[in-house]
Amino acid sequence: MTLKMARCADIGLAELPHATDGLGRVLDLLSEDCFRRGGPSLAALVVAQSTGEVGSAFRGNPSSERTNVYKHWRDVVHT
């Protein structure tokens, strides 16, 4: 299996200024790219240092999504 990385310009990051107030927009774009590829959101892996958990804007169950990420990439790596 060949993995193809999205270019920043393809998912709207080329015009994105440095995030001074968080990574929300970047993580939204990351999630959208993951969903378009049929995979779980890697944004579930991005947590605040102070809480060890995703931000309040995360939609869904972060624990379940992290499990889906681990299973997905385990399967990709071992095929």
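Scroll up to find the structure.
Residues numbered from 1 in each chain as written. Predicted model: local features only at pLDDT ≥ 70, side-chain atom pairs only at ≥ 80, totals over all residues. Heavy atoms only, no water.

Enquirer: Mind showing me how you'd approach the pattern of salt bridges here?
Expert: Once the charged atoms of two side chains with opposite charge are near each other, the side chains can pair. Counting across every chain of the model gives four salt bridges. Between Arg 66 and Glu 53 there is a salt bridge, and its shortest N-O distance comes to 3.2 Å. Residue Arg 66 is found in helix 2 (residues 62–77), and its partner Glu 53 is found in the loop between helix 1 (24–36) and helix 2; the two are separated by 13 residues along the sequence. The class for Arg 66 is buried, based on a relative accessible area of 16%. (Salt bridge = Lys/Arg side-chain N within 4 Å of Asp/Glu carboxyl O. Helix = DSSP H or I, 4+ residues; strand = E, 2+ residues; numbered from the N terminus. Buried < 20%, exposed > 50% of the residue type's maximum accessible area, 1.4 Å probe, protein only.)

Enquirer: How do you make sense of helix 2 when you look at a structure like this?
Expert: Three- or four-residue spacings in an α-helix give side chains the same orientation, since the helix completes a turn every 3.6 residues. Here helix 2 spans 22 Å end to end across 16 residues, near enough to the 22 Å set by a 1.5 Å rise per residue. For helix 2, every residue scored as buried is listed here: Pro 62, Glu 65, Arg 66, Val 69 and Val 76. Taken end-on, helix 2 shows its buried residues confined to a sector of 100 degrees, consistent with a single buried face. On its buried face, helix 2 sits against helix 1. Regarding helix 2, its N-cap is Asn 61, as a side-chain oxygen of that residue lies 3.0 Å from the backbone nitrogen of Ser 63 further along. (Expected span 1.5 Å × (residues − 1). Arc of directions from axis to C-beta. Contact = heavy atoms within 4.5 Å. Polar contact = N/O pair within 3.5 Å; in protein donor to acceptor, adjacent residues only side chain to side chain.)

Enquirer: Looking at this structure, how should I read helix 1?
Expert: Helix length check: helix 1, at 13 residues, gives a terminal C-alpha distance of 18 Å against a target of 18 Å (1.5 Å per residue), a fit within 8%. When we look at burial in helix 1, the residues that qualify are Leu 27, Leu 29, Ser 31, Asp 33 and Cys 34. Just downstream of helix 1 lies Gly 38, where phi reads positive at about 85 degrees.

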